[in-house]
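Working through the structure, step by step
Chain by chain, the residues run as shown.
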Amino acid sequence: MTAVFLGIPTAPAGVGNLRGDRSFPDAARDALRDGQLRANLGHATTTIRGKRAGVVAEVPDWAELREAGRAIKAATMARLDEHLIALEEQVTARGGTVHWARDATEANQIVTALVQATGATEVVKVKSMATQEIGLNEALEAAGIEALETDLAELIVQLGEDKPSHILVPAIHKNRAEIREIFARTIPGVDPHLTDDPRKLAMAAREHLRERFLRARVAVSGANFAVAETGTLAVVESEGNGRMCLTLPQTLITVMGIEKLVPTWRDLEVFLQLLPRSSTGERMNPYTSLWAGITPGDGPQDFHLVLLDNGRTAVLADEVGREALHCIRCSACLNVCPVYERTGGHAYGSVYPGPIGAVLSPQLTGVEDNASLPYASSLCGACYDVCPVAIDIPSILVHLRAEHVEAQTRTTPEAAAFRALSKVMSHPRLWRLAQRAAGLGRFLARGRPTLPAALPPPASAWTRTRDLPTPPAKTFTQQWAEEHGS
Amino acid sequence: MSARDDVLARIRTALGTQQPPTEVARDYRTTDDRPLPELLDVLTDRLEDYQATVHRCAPDAIGPTVTAALHGIPGDVVVAPGVPAQWRPAGAIEDDGRPAVDLTAFAATLTGVTVAVAETGTLVLDASPICGRRALSLLPDVLVCVVTADQVVGSVPEGLARLDPLRPLTMISGPSATSDIELQRVEGVHGPRTLLVVLASD
């Protein structure tokens, strides 16, 4: 069953950051030419892969935790409506206000109106994929409200007028020297002798943001988890910027995808083990904040929870693809992916890059709006192996490729070629002729193991991303006939 | 139709006929049977691994140990209202509920904890009188937490089972840190840059 058939809308175009302006192969080609980018990514992903492997190996029951994580998410999705209603009841009972948003536009309107009602013209933000997805900062800016990102990597991206390229570390594509340059150029009053020592850079960010935290009246956050039975929300972080935003301002607005909830408090015992080890490669992240509604005398006294659909129900309608909603945004799949490691996150066009992005973005937008992403993978399966909730990403990629092929109303050159090939392969005489003809490719290759990459169109669409091997001097059947008689 | 009804209707359409609920197999470890002295050693090791400083002492020596741990830190110490008198260093000021941002005037904070998880080196504060409000353990640059042996459990499941999910909870594993520059961990960003733990056991 697909969302189109059921009439469930996908994430609308023209708002948010789920669609790139170029196809993946075009964007990847430019990224691959950037030697600095490849060096930065190679260094960072190698570091994090090693750390993750070390702390996962420490846990004797990792496989059982992973299976429990998968099962809890599957059970959550099977009763998603009931759990959301329970969450709404609990949050409301504890003094919070729950808002529902069909899509990015509606969520942006809700948050903008809530900020305007406080009279504030600036908000501090905790890093949140959901607000990146809906383009909240742009929407607030259009309403004259400044949104200040407070996560270090998110701040680097914002100050550099750049785009995030990784779920966990949005500035993974920048090295310490580039970050020093951005800080020196954009932070008013920064120490002119600032070095590229990561500790010094972190201190510069602390100085820059300190006063803003203390004067902020409104904060916007995402949520890593929400517990339906208790109304408890969780934000998992490292720096303490999350705690600043969740504790100091008078008003807190949390934007959360509807798939982020877990049914019971006990379920967190699984995810609080799976997430830190998979994402930053730590036994536990430095800070996790949990809160239910409002607490008199402690923290924000005005709490709003915005529940966001924006295509998630369309993903839910696909029995194979819905597993992508189990994602806990750890980014382990990005860090092990041979494609991501070489192209980086910008090539994917969406805020969700890497293997999980390649299955999530096309489903949120409808596969035709991100048609190249299901192909942005060699299907090696490393992503599946490291996924802490065992999302079978390769199978969903293949499923989406099939969906894309079936959606074509006109015959593509590729389809025509395969149809011809099918005919040839089912007729032995034609097949032998074709093999003999292919032997002509040896002239084009001039002794090299692969044919030249630049065949003319339409064959170029195939050869520009694939090496065609030079045909052998003799086919297998010819050799067999010579050696064994026909 | 309201957005709420619309989203709920889409979910029901997407799920189609409801399947029977699936059981979640919890075959992972939910208890840690190691003896307490071993758990205390593991907790110490994990805290130190993430650059916290651990001071071990007997239960009747908490006060002097706190004072010694804070030696050399210039500035005033603020304590959570429920912190026992015998733990408090001389001249410490009790949190009087002043506006949270004014807590930046203090150099250090002293609190207790609710539970400590040995395997991950995690301290949990639950905003009870002995832990104090959340801003208290956030704004001063040095945080001193007193942990008593009866508060130490081995695993994350045992730790969560002791908590009240309706209270504001802060789980702390080492000082504030970031891995945002080249994925290299650096201690000390927006939260307290120094975490001192006084671990009391017989």
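Model, not experiment: these values are computed from the prediction.

Rules of the game
- Residues numbered from 1 in each chain as written.
- Chains lettered and ligands numbered in written order.
- Predicted model: local features only at pLDDT ≥ 70, side-chain atom pairs only at ≥ 80, totals over all residues.
- Heavy atoms only, no water.
- Helix = DSSP H or I, 4+ residues; strand = E, 2+ residues; numbered from the N terminus.
- Rg over C-alpha atoms; globule rule 2.2 N^0.38 Å.
- Buried < 20%, exposed > 50% of the residue type's maximum accessible area, 1.4 Å probe, protein only.
- Contact = heavy atoms within 4.5 Å.
- Areas by Shrake-Rupley, 256 points an atom, 1.4 Å probe, with all protein chains shown as cover.
- Lys, Arg positive; Asp, Glu negative; His and termini not counted.
- Charge placed at Lys NZ, Arg CZ, Asp CG, Glu CD.
- Buried area = accessible area lost by both parts, 1.4 Å probe.
- Salt bridge = Lys/Arg side-chain N within 4 Å of Asp/Glu carboxyl O.
- Polar contact = N/O pair within 3.5 Å; in protein donor to acceptor, adjacent residues only side chain to side chain.
- Phe/Tyr/Trp six-rings, centres within 6.5 Å; stacked < 30°, edge-to-face > 60°.
- Lys NZ or Arg CZ within 6 Å of the ring centre and 35° of its normal.
- Pairing = 2+ DSSP bridges.
- Axes fitted to C-alpha atoms, helices over the stretch in contact; angles between N-to-C directions.
- Parallel < 35°, antiparallel > 145°, perpendicular 65-115°, else oblique.
- Left-handed = near helix turned anticlockwise from the far one by under 90°.
- Nonpolar A, V, L, I, M, F, W, Y, C, P; charged D, E, K, R; others polar.
- Domains from an automatic or database assignment.
- Core = buried A, V, L, I, M, F, W, Y, C linked by side-chain atoms within 4.5 Å.
- Expected span 1.5 Å × (residues − 1).
- Arc of directions from axis to C-beta.

Observations regarding the overall build of chain A
From N to C terminus, chain A includes 24 helices and ten strands. Computed over C-alpha atoms, the radius of gyration of chain A comes to 25 Å, within 12% of the 23 Å expected from 2.2 N^0.38 for 486 residues, which places it in the range of a compact globule. A buried classification covers 56% of the 486 residues belonging to chain A. Sequence-distant contacts in chain A: of pairs separated by 6 or more residues, those separated by 24 or more amount to 74%. Carbon and sulfur atoms make up 55% of the accessible area of chain A, which amounts to about 19,800 Å² in all. A distance of 8 Å separates the average location of the 50 positive side-chain charges in chain A from that of its 55 negative side-chain charges.

Things to note about the interface of chain A and chain B
Note: interface size is frequently given as the accessible area lost on complex formation between the parts. Counting residues at the interface gives 97 residues for chain A and 74 residues for chain B. Contact between chain A and chain B buries roughly 7,600 Å² in total, counting both sides, with carbon and sulfur atoms accounting for 58%. Where chain A meets chain B, there are eleven salt bridges. The residue arginine 102 of chain A makes a salt bridge to aspartate 6 of chain B at a minimum N-O spacing of 2.6 Å. One can count 39 residue pairs in polar contact (both at pLDDT 80 or more) joining chain A with chain B. Among the elements that take part in the side of chain A that touches chain B, helix 11 (residues 198-215) of chain A stands out by supplying eleven residues, more than any other.

What to know about the environment of proline 74 of chain B
Examined against the element boundaries, proline 74 of chain B turns out to sit in the loop between helix 3 (62-69) and strand 2 (77-79). The spatial distance from the C-alpha of proline 74 of chain B to the C-alpha of alanine 108 of chain B is 8.9 Å, given a sequence separation of 34 residues.

Structural notes on the packing of aromatic side chains
Geometry of an aromatic ring pair is reported as the spacing of the ring centres plus the angle between the planes. Summed over all chains, the structure comprises five aromatic pairs over all chains. Geometrically, the ring pair formed by phenylalanine 476 of chain A and tryptophan 480 of chain A is tilted, given 6.1 Å between the ring centres and 35 degrees between the ring planes. Linking phenylalanine 476 of chain A with tryptophan 480 of chain A, this pair stays in helix 24 (residues 476-484), spanning four residues, or about one helical turn. Look at phenylalanine 476 of chain A and you get exposed, because its relative accessible area is 64%. Judged by its relative accessible area of 48%, tryptophan 480 of chain A is partly exposed. Ring-pair connections join several aromatic residues into one group, and the members of that group are Phe24, Tyr340 and Tyr348 of chain A. Here the guanidinium or amino end of arginine 185 of chain B rests over the ring plane of tyrosine 50 of chain B, the centre of that ring lying 4.2 Å away.

Considerations on the sheet that holds strand 5 (residues 115-117) of chain B
Read from one edge of the open sheet, eight strands run 8(A)-5(A)-6(A)-9(A)-9(B)-6(B)-5(B)-8(B), paired in mixed fashion. Every interior strand has two partners, whereas the edge strands, strand 8 (261-262) of chain A together with strand 8 (152-153) of chain B, have only one. Looking at chain direction, strand 6 (residues 232-237) of chain A and strand 9 (residues 287-292) of chain A are connected through six bridges and run antiparallel. Its bridge partner lying in strand 9 of chain A, alanine 234 of chain A is registered against leucine 290 of chain A.

Looking at the pairing of strand 6 (residues 122-125) of chain B
All names here are of chain B. Burial along strand 6 is two-sided: the face carrying Thr122 and Val124 and the face carrying Leu123 and Leu125 are both buried. Of the strand pairs in this sheet, strand 5 and strand 6 are connected by three bridges, and their pairing is antiparallel. Note on strand 6: the bridge partner recorded for valine 117 is threonine 122. Adjacent in sequence and paired antiparallel, strand 5 and strand 6 are bridged by four residues, among which glycine 121 carries a positive phi angle near 65 degrees. Sheet topology places strand 6 next to strand 9 (residues 169-172); three bridges connect them, and they run antiparallel. Residue leucine 125 lies in a different strand from strand 9, and its bridge partner there is threonine 170.

Brief notes about the environment of glycine 14 of chain A
All names here are of chain A. In this structure, glycine 14 sits in the loop between helix 1 (3-6) and helix 2 (24-32). Using a relative accessible area of 86% as the deciding quantity, one classes glycine 14 as exposed. Separated by 144 residues in the primary sequence, glycine 14 and glutamine 158 have C-alpha atoms spaced 21 Å apart.

Structural notes on the packing of helix 4 (residues 62-78) of chain A against helix 13 (residues 268-279) of chain A
Residues and elements named next belong to chain A. Look at helix 4 against helix 13: their axes get within 9 Å of each other, and the N-to-C directions meet at 115 degrees. If you check the angle between helix 4 and helix 13, you find them roughly perpendicular. Handedness of the helix 4/helix 13 crossing: left-handed. Residues Trp62, Leu65, Arg66, Ala68, Gly69, Ile72 and Lys73 of helix 4 form the contact with helix 13, whose participating residues are Val270, Phe271, Gln273, Leu274, Arg277 and Ser278. Taken together, the residues of the contact of helix 4 with helix 13 break down into seven nonpolar, three polar and three charged.

Concerning the domain arrangement of chain A
According to the domain assignment, chain A consists of domain 1 (1-409) and domain 2 (413-484). The centre of domain 1 of chain A, based on its C-alpha atoms, is set 45 Å off from the matching centre of domain 2 of chain A.

A word on the nonpolar core
In terms of nonpolar packing, the biggest core is built from 166 residues, with Phe183, Phe225, Leu268, Leu307 and Ile356 of chain A together with Ile11 of chain B touching the most fellow members. Take this core: its biggest share by element is seven residues, from helix 11 of chain A. Not counting residues up to four positions away in its chain, the partners in contact with phenylalanine 225 of chain A are Thr232, Leu233, Ala234, Val236, Lys260, Val262, Leu268, Phe271, Leu272, Leu275 and Ile328 of chain A. With 23 residues, the next largest nonpolar core counts Tyr287 of chain A together with Leu125, Val152 and Val197 of chain B among its residues.

What about the sheet that holds strand 2 of chain B?
All names here are of chain B. The parallel open sheet is built from six strands, whose spatial order is 1-12-7-4-2-3. In this open sheet, the two edge strands, each paired with only one partner strand, are strand 1 (53-57) and strand 3 (93-94). Pairing geometry for strand 4 (residues 108-112) and strand 7 (residues 142-148), over five bridges, is parallel. Opposite alanine 108, over in strand 7, you have valine 142 as the bridge partner. Lying on the sheet, helix 2 (residues 36-49) is in contact with strand 1 and strand 12 (194-200); it crosses strand 1 at an angle near 155 degrees. Where helix 3 meets the sheet, it contacts strand 1, strand 4, strand 7 and strand 12, and its direction lies at approximately 160 degrees from that of strand 12.

Focus on helix 6 (residues 104-118) of chain A
Residue and element names in this part refer to chain A. The end-to-end C-alpha distance of helix 6, which contains 15 residues, comes to 22 Å, matching closely the 21 Å that a straight helix rising 1.5 Å per residue would cover. Along helix 6, the residues classified as buried are Ala104, Glu106, Ala107, Asn108, Ile110, Val111, Thr112, Leu114 and Val115. Positive phi appears at glycine 119, one or two residues downstream of helix 6, with a value of about 80 degrees.

A look at helix 3 of chain B
An α-helix turns once per 3.6 residues; consequently, residues spaced three or four apart project the same way. Residues and elements named next belong to chain B. Among the residues making up helix 3, those that are buried are Ile62, Gly63, Thr65, Val66 and Ala69. Taken down its axis, helix 3 places every buried residue within 165 degrees of arc, on the same side. The exposed residues of helix 3 that point more than 90 degrees off its buried face are Pro64 and Ala68. If you follow the buried residues of helix 3, they end up packed against strand 1, strand 4, strand 7 and strand 12.

A word on the pattern of salt bridges
Under the counting rule described, the total for this entry stands at 45 salt bridges over all chains. A salt bridge links arginine 206 of chain A to aspartate 141 of chain B; the nearest nitrogen and oxygen atoms lie 3.3 Å apart. Here arginine 206 of chain A is found in helix 11, whereas its partner aspartate 141 of chain B is found in the loop between strand 6 and strand 7 on a different chain. Residue aspartate 141 of chain B is classed as partly exposed on the basis of its relative accessible area, which comes to 23%. For aspartate 95 of chain B, the salt bridge is made with arginine 133 of chain B, and the minimal N-O distance between the two is 2.8 Å.

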